[in-house]
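Chain by chain, the residues run as shown.
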Amino acid sequence: PVLLSNGNLIEEGQREDLDGRKRHFKVWSDPFPKPSYLFALVAGDLGFIKDEFITMSGRKVNLFFYSEHKYVGKMGYAMESLKRAMKWDEDTFGLEYDLDIFNVLAVDSFNMGAMENKSLNVFNTSCVLADPKTTTDATYQRVEGIIGHEYFHNWTGNRVTCRDWFQLTLKEGLTVFRDQQFSGQVNDSVAVQRIKNVLVVRGSQFREDAGPMSHPIRPDSYIAMDNFYTATVYRKGAEIIRMYDTILTSEGFRKGMDLYFKRHDGSAVTCDDFLAAMADANGVDLNQFSRWYSTSGTPTVTYASEYDDKKGVFKLALTQSSRSEDPLFIPVSVGLLDKESGKEVVPTKTLYLKESTQTFEFANLQGQVIPSIIRNFSAPVKLVPASGDVNEADLAFLASHDTDGFNRWDSAQRLYTAVILKILGKEPFQESLDRVVESFGRTLNDETINDDSIRAYTLILPGESTLSESVQVIDPSAIREARKQVKKTIARKFKNEIAVAYDQLTAAMEADGDTFKVDGVSVGRRKLRNVYLGYLCAISETVEEQKEAAELATKHFNDAKGMTDKLAAFNILASMSGEGESAREEAIRKFYDEAEGDSLVLDKWFAVQADADLPDVLERVEKLVNHPDFNLTTPNRCRALILTFSANADPFHDESGKGYKFIGDMLEKLDKVNSKVAARTTASCLIGWKKYNETRASLMKAQLERLKSMPHVSNELFEIVSKGLK
């Protein structure tokens with residue numbers, strides 16, 4: 001068998017035991033001290049691929065990826081990603097790999113995405129395996145990011161590790177920031193990467209901050225530490241590291257990192273040690289900034305502005321509020337655009353909001369300006385106008401003219417959100433809808449946008465989870481219908497233009513031939529084309545429209561040259577009804593057959609059906625639980641079906657309570673075989689009951705009570721449920 005452990009391989013061979021049987025052995029030696037959680041030992045019948053990397057000092061490092069033999073042909077992209085990560089860490093932070101060998105093991109049944117055991121990283125196969133037939137662009141990018149993340153832990157987590165588990169964000173927040181920078185820079189898509197990062201922060205971390213599991217990035221207590229591998233520790237932690245980079249500049253951040261390693265290499269340290277290194281290396285006082293580590297919840301920054309035409313002075317008043325007793329140190333990146341021409345008259349400047357309220361002045365202006373605030377999401381805060389009313393005209397202006405790629409996208413998102421919220425609130429919305437339609441049209445036809453990914457993200461409406469963060473009481477059905485109403489209006493208005501753009505992208509892709517590429521241009525092209533497909537298929541009220549949508553989606557599905565396009569079409573087909581019903585059922589059958597038993601493709605097959613927008617989706621999921629390919633003990637399969645259904649808000653939150661009972665039944669079984677997955681599923685779907693109406697809240701709470709009272713309930717689940725009931 002293959003025998004692996006930490007460090008360098010220094011001896012191997014065969015020896016006879018006392019019974020005369022020959023035993024294979026290997027001796028591994030790791031010269032670097034490490035905590036016990038980083039030790040690993042692997043033995044099994046494994047296949048592998050091998051490559052090498054020459055470090056910046058000229059040393060050769062042997063690289064091995066191991067897996068079951070059937071997966072060996074799908075690890076090439078992960079290997080290339082590892083080499084890119086090693087080179088990036090040398091170029092960006094001067095960090096060279098320190099051993100002669102680096103091993104990665106990929107296994108099917110692994111609760112986490114991956115684990116950074118020193119020189120022997122252990123991965124879930126979903127984060128390593130990749131090929132065009134079975135892997136989407138999003139998964140290719142995920143593989144690259146997680147490969148980078150675990151490798152970067154060699155220094156931020158292994159060589160310098162945590163004194164105790166309360167310091168978990170010291171290694172995870174810092175390393176998430178590093179992998180985000182890596183992914184954006186090596187793919188020349190910094191703005192797109194930032195959008196994707198913030199979507200996660202707003203969609204899951206903000207929700208966590210607003211619920212009973214809210215905690216600072218450095219928690220002060222826990223029952224089961226596994227429950228604190230959270231969006232807050234990872235994602236908000238990364239945002240706080242990013243604020244160091246914003247405040248100190250990238251050059252200052254590098255100086256701080258250099259001092260951090262110089263002081264603490266080989267040590268177990270705290271978040272305070274990291275802050276001290278950043279402060280001392282740059283000669284700045286960061287004591288106020290340290291409050292971020294102990295403050296839970298999402299801070300709010302309100303803004304108001306005025307322009308003195310006679311003096312040419314623009315004043316921006318910012319006010320902060322948070323759970324901190326004293327003001328936080330919040331970097332607010334701002335730019336100003338001329339209201340008439342749309343040109344940037346004040347490039348990005350970072351303002352330091354250190355008091356409860358501060359007013360900042362911009363002088364020597366020649367006319368009215370529109371402020372672009374929190375550029376590049378310079379702080380993990382909610383930005384709201386002091387008046388309480390969103391200036392939709394300004395948002396439409398920024399969505400068309402902002403020179404900051406992130407804020408251009410964000411302004412469009414806020415504009416879309418404003419009209420959806422008016423529909424939800426039964427307020428007059430036609431004027432807002434007209435403005436949204438106009439803004440969408442400008443983005444659709446703007447020839448100055450040369451990145452298809454940016455255009456695609458800007459044309460996508462905010463997701464249901466993001467919209468839920470903007471309302472006091474969540475009505476999942478109403479949110480879904482309001483969002484669909486806006487999408488259908490846009491689709492009908494621009495049907496011809498979208499169809500032409502879709503056909504042009506199709507022709508461009510066909511001209512490329514059969515060569516599959518994962519470069520920025522190819523990924524952006526597929527992304528945009530699939531967004532267009534979604535709008536075209538949203539027009540489905542009449543029988544003829546349903547037929548047309550089914551035919552288009554089916555052709556897209558059948559003609560797909562890779563999993564990205566195939567899955568996009570499958571997602572649409574899986575929710576079709578009426579004249580599209582037969583196309584739906586044929587796609588479900590065909591996708592399953594073409595999976596040919598591939599476990600990761602079958603995970604997608606289960607997940608798409610659990611996420612469908614159909615009235616009988618719960619019944620379908622209940623049948624899938626009994627499918628021969630479903631196994632509750634397999635983490636990936638469990639997440640694909642059970643967790644995906646719990647995130648399908650409309651059917652899960654049906655007021656009958658059937659969705660809650662189903663999840664309760666599954667969690668009762670799951671806690672006995674995999675308490676970690678059970679706890680995470682509960683945290684994601686049941687503990688937010690206070691944000692729903694009385695009917696839903698009482699039913700959700702009843703399931704929490706049921707889970708808490710189970711005999712022999714795990715510590716992991718008990719902690720989540722107990723906090724959820726408070």
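Considerations on the overall build of the protein chain
When helices and strands are counted, the protein chain shows 25 helices and 18 strands. Relative to the 2.2 N^0.38 estimate, which gives 27 Å for 726 residues, the radius of gyration of the protein chain is 26 Å and therefore close to what a compact globule would have. Here the protein chain, with 726 residues, has 57% of them falling under the buried criterion. Once local pairs closer than 6 in sequence are excluded, the contacts in the protein chain between residues at least 24 apart make up 67%. Accessible area of the protein chain: about 30500 Å², with a carbon and sulfur share of 49%. On the protein chain, the mean spot of the 90 positive side-chain charges and the mean spot of the 106 negative ones are 2 Å from each other.

Here's the deal with the pairing of strand 9 (residues 120-124)
The buried fraction of strand 9 is high, at 5 of 5 residues. Burial of strand 9 is two-sided: the residues Leu120, Val122 and Asn124 facing one way and the residues Asn121 and Phe123 facing the other way are all buried. From the end of strand 8 (residues 114-115) to the start of strand 9, which pair antiparallel, there are 4 residues, and Ser119 there has a positive phi angle of about 65°.

Section: the sheet that holds strand 15 (residues 344-353)
The strand order across the open sheet formed by 3 strands is 15-14-17, and the pairing between neighbours is antiparallel. Every interior strand has two partners, whereas the edge strands, strand 15 and strand 17 (369-373), have only one. Strand-to-strand, the axes of this sheet are offset by a mean angle of 25°, without reference to chain direction. Alignment of strand 14 (residues 330-338) against strand 15, held across 7 bridges, turns out to be antiparallel. Bridging from a neighbouring strand, Val332 pairs with Leu351 of strand 15. Across the sheet, helix 5 (residues 231-264) is in contact with strand 14 and strand 15; its angle to strand 14 comes to roughly 60°.

Some points on the sheet that holds strand 12 (residues 300-308)
In sheet architecture, strand pairing relies on hydrogen bonds along the backbone and comes in two forms, parallel and antiparallel. Judged by pairing direction, the sheet is mixed, and its 4 strands sit side by side in the order 16-13-12-18 without closing on themselves. A single partner strand is all that each edge strand has here, and the edge strands are strand 16 (357-362) and strand 18 (382-385). Neighbour-to-neighbour, the strand axes of the sheet open up by a mean angle of 25°, direction not taken into account.

A look at the packing of helix 17 (residues 581-595) against helix 18 (residues 599-610)
For the pair helix 17 and helix 18, interaxial distance at closest approach is 9 Å and the crossing angle is 165°. By the angle between their directions, the pair helix 17 and helix 18 is classed as roughly antiparallel. The crossing of helix 17 and helix 18 is left-handed. Contacts from Ile588, Phe591, Tyr592 and Ala595 in helix 17 reach Val601, Leu602, Lys604, Trp605 and Gln609 in helix 18. Classifying every residue of the contact of helix 17 with helix 18 by side-chain character gives 7 nonpolar, 1 polar and 1 charged.

Observations concerning the packing of helix 9 (residues 430-445) against helix 12 (residues 476-493)
Following both chains from N to C, one finds helix 9 and helix 12 inclined at 50°, their axes separated by 10 Å at the closest point. As the angle between them shows, helix 9 and helix 12 are arranged oblique. In terms of crossing hand, the pair formed by helix 9 and helix 12 is right-handed. Within the contact between the two elements, helix 9 uses Leu433, Val436, Val437 and Phe440 and helix 12 uses Val486, Thr489, Ile490 and Lys493.

Cut-off values and rules
- Residues numbered from 1 in each chain as written.
- Predicted model: local features only at pLDDT ≥ 70, side-chain atom pairs only at ≥ 80, totals over all residues.
- Heavy atoms only, no water.
- Helix = DSSP H or I, 4+ residues; strand = E, 2+ residues; numbered from the N terminus.
- Rg over C-alpha atoms; globule rule 2.2 N^0.38 Å.
- Buried < 20%, exposed > 50% of the residue type's maximum accessible area, 1.4 Å probe, protein only.
- Contact = heavy atoms within 4.5 Å.
- Areas by Shrake-Rupley, 256 points an atom, 1.4 Å probe, with all protein chains shown as cover.
- Lys, Arg positive; Asp, Glu negative; His and termini not counted.
- Charge placed at Lys NZ, Arg CZ, Asp CG, Glu CD.
- Pairing = 2+ DSSP bridges.
- Axes fitted to C-alpha atoms, helices over the stretch in contact; angles between N-to-C directions.
- Parallel < 35°, antiparallel > 145°, perpendicular 65-115°, else oblique.
- Left-handed = near helix turned anticlockwise from the far one by under 90°.
- Nonpolar A, V, L, I, M, F, W, Y, C, P; charged D, E, K, R; others polar.

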